[in-house]
Amino acid sequence: MRSRFNFFIAILPCIFFAALFGLGWYFVFHPEMRVRNKFHGTNSAAIPGLVLVVGMGFVLFVLLKRIVWLRIERDRLMIRGLFFRQELALSEIREIRLLDRKTMFIGNTRYEALTIRAAGQKEFILYDVLYSNMPAMKACLQEWYKGVARPGYFQDRPVVKVSEPETFAGNFVFSQNGLFLLGWCVFMIWMMKTLWPLAARGWSELVVACSVVSLLGSPLLIIFGGQLYYFRIEGDELLIKSHVWFWYKRCYPLADIACAVIEKPYNRSTALRIRTRDFRSKSFGAGSLRKRHWEGLCQRLRQLQVPVVGGGYIGIPDEASADWRSED
């Protein structure tokens, strides 16, 4: 089995920054090109080009360094990166962590990752988000490398059901994301009121103006609205719902959840990541939940025999032993 890169996340950003790097290179070697300065004069484009070359070159280097190609065979792994090529026989592999979490860039945000540790303290990291077939690769490694892959196999758990549905949600209106959304709605109403006189010139101009304003504001609605999920345990399922997208509903059978991870992404709300037994995972930002809600959710999931880790972000200790817990 071979790794397949996610085009929109792994490849497209590299193409974009490579194009900017090439543009800067063109400016550097064409000093006759001029750019206008703030004094209404012109300067050579070589300096802006050099800035583009250095800045975009560094970004491109960091992105390419994170991309690792993996080929899985039954008795060996072939790993290739920007500056290395490594072939690991089964005897050279110390450990394969299928459910790991590693820092990708500058900062403390950790991403889901596959970590391969070899003899001599060598470590190779493949970030889940960069690969379109990561769940299949992890399942293959779990099957073929039983001696070194962790976890080996997930233990079957008895199906449990709650007699009464339980909801874990806060007041989203007074959360940070809710206040931003409220401010956005007030701004939109004000803009519509301001643009209303355009109707005297014709409805087409009003529709175009309102469409442009809505298009500019939609990313904010998606960003902040996407961090306002909440959770409900009903029967033998964990339901994911949204305060804003009221039609949204995603169901996870409790028996299919390998692990629930509490994570704190950089500059975003605390989230609950659901890892399933087939190595798929998805994160749900829950900006309306307070510490008491998180404590109640963690306690209830553990009572239902669903492992929960990452509680250190909100002062909740992890469980003592967990083969699937990633090392920080």
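No experiment lies behind these values; they were computed from the predicted model shown. (Residues numbered from 1 in each chain as written. Predicted model: local features only at pLDDT ≥ 70, side-chain atom pairs only at ≥ 80, totals over all residues. Heavy atoms only, no water.)

Chemist: With reference to specific residues and values, describe a nonpolar patch on the surface.
Modeler: On the surface, Phe-7, Phe-8, Ile-9, Leu-12, Ile-15 and Val-129 cluster together into a nonpolar patch covering about 550 Å² of accessible area. Relative to the helices and strands, Ile-15 is located in helix α1 (residues 7-28). A relative accessible area of 46% means that Ile-15 is categorised as partly exposed. (Patch = residues over 30% accessible without salt bridge, like charges linked within 9 Å, V, L, I, M, F, W, Y side chains within 5 Å. Areas by Shrake-Rupley, 256 points an atom, 1.4 Å probe, with all protein chains shown as cover. Salt bridge = Lys/Arg side-chain N within 4 Å of Asp/Glu carboxyl O. Helix = DSSP H or I, 4+ residues; strand = E, 2+ residues; numbered from the N terminus. Buried < 20%, exposed > 50% of the residue type's maximum accessible area, 1.4 Å probe, protein only.)

Chemist: Residues and numbers for the environment of Phe-83, please.
Modeler: Within the fold, Phe-83 resides in the loop between β4 (76-80) and β5 (85-89). Judged by relative accessible area, Phe-83 falls into the exposed class, the value being 60%. Put simply, Phe-83 and Leu-64 are 19 residues apart on the chain and 9.8 Å apart in space, counted from C-alpha to C-alpha.

Chemist: Break down the nonpolar core for me, with residues and values.
Modeler: The nonpolar side chains of soluble globular proteins are, as a tendency, buried together. One finds Leu-70, Leu-77, Ile-96, Ile-116 and Tyr-145 to be the most contacted residues of the largest nonpolar core, which totals 36 residues. Of all elements in the fold, only α1, α2 (46-66), β3 (69-72), β4, β6 (93-103), β7 (110-118), β8 (123-127) and α3 (134-144) reach the threshold of two or more residues within this core. Setting aside residues up to four positions removed in sequence, Ile-96 forms contacts with Leu-77, Leu-114, Thr-115, Ile-116, Leu-141, Tyr-145, Val-148, Ala-149 and Arg-150. Core analysis: the second largest hydrophobic core is formed by 25 residues, Leu-238, Leu-254, Phe-284 and Cys-298 among them. (Core = buried A, V, L, I, M, F, W, Y, C linked by side-chain atoms within 4.5 Å. Contact = heavy atoms within 4.5 Å.)

Chemist: I'd like a rundown of the packing of aromatic side chains, residues and numbers included.
Modeler: Describing an aromatic ring pair means giving the distance of the ring centres and the angle of the ring planes. In the structure shown here, the tally under the stated rule is 16 aromatic pairs. Taking the centre distance of 5.6 Å and the plane angle of 45° together, the rings of Phe-61 and Phe-83 count as tilted. In this pair, Phe-61 sits in helix α2 while Phe-83 sits in the loop between β4 and β5, placing the two residues 22 residues apart along the sequence. Ring centres 6.0 Å apart and planes at 50° place the aromatic pair Phe-231 and Trp-294 in the tilted group. With a gap of 63 residues between them, Phe-231 in strand β11 (residues 229-235) and Trp-294 in helix α6 (residues 291-303) connect regions that are remote in the sequence. On the basis of relative accessibility, which here comes to 2%, the residue Trp-294 falls in the buried class. Through successive ring pairs, a cluster of aromatic residues spans Tyr-229, Tyr-248, Tyr-252 and Phe-284. The aromatic ring of Trp-69 is capped on one face by Arg-80, whose charged end is 4.5 Å from the ring centroid. (Phe/Tyr/Trp six-rings, centres within 6.5 Å; stacked < 30°, edge-to-face > 60°. Lys NZ or Arg CZ within 6 Å of the ring centre and 35° of its normal.)

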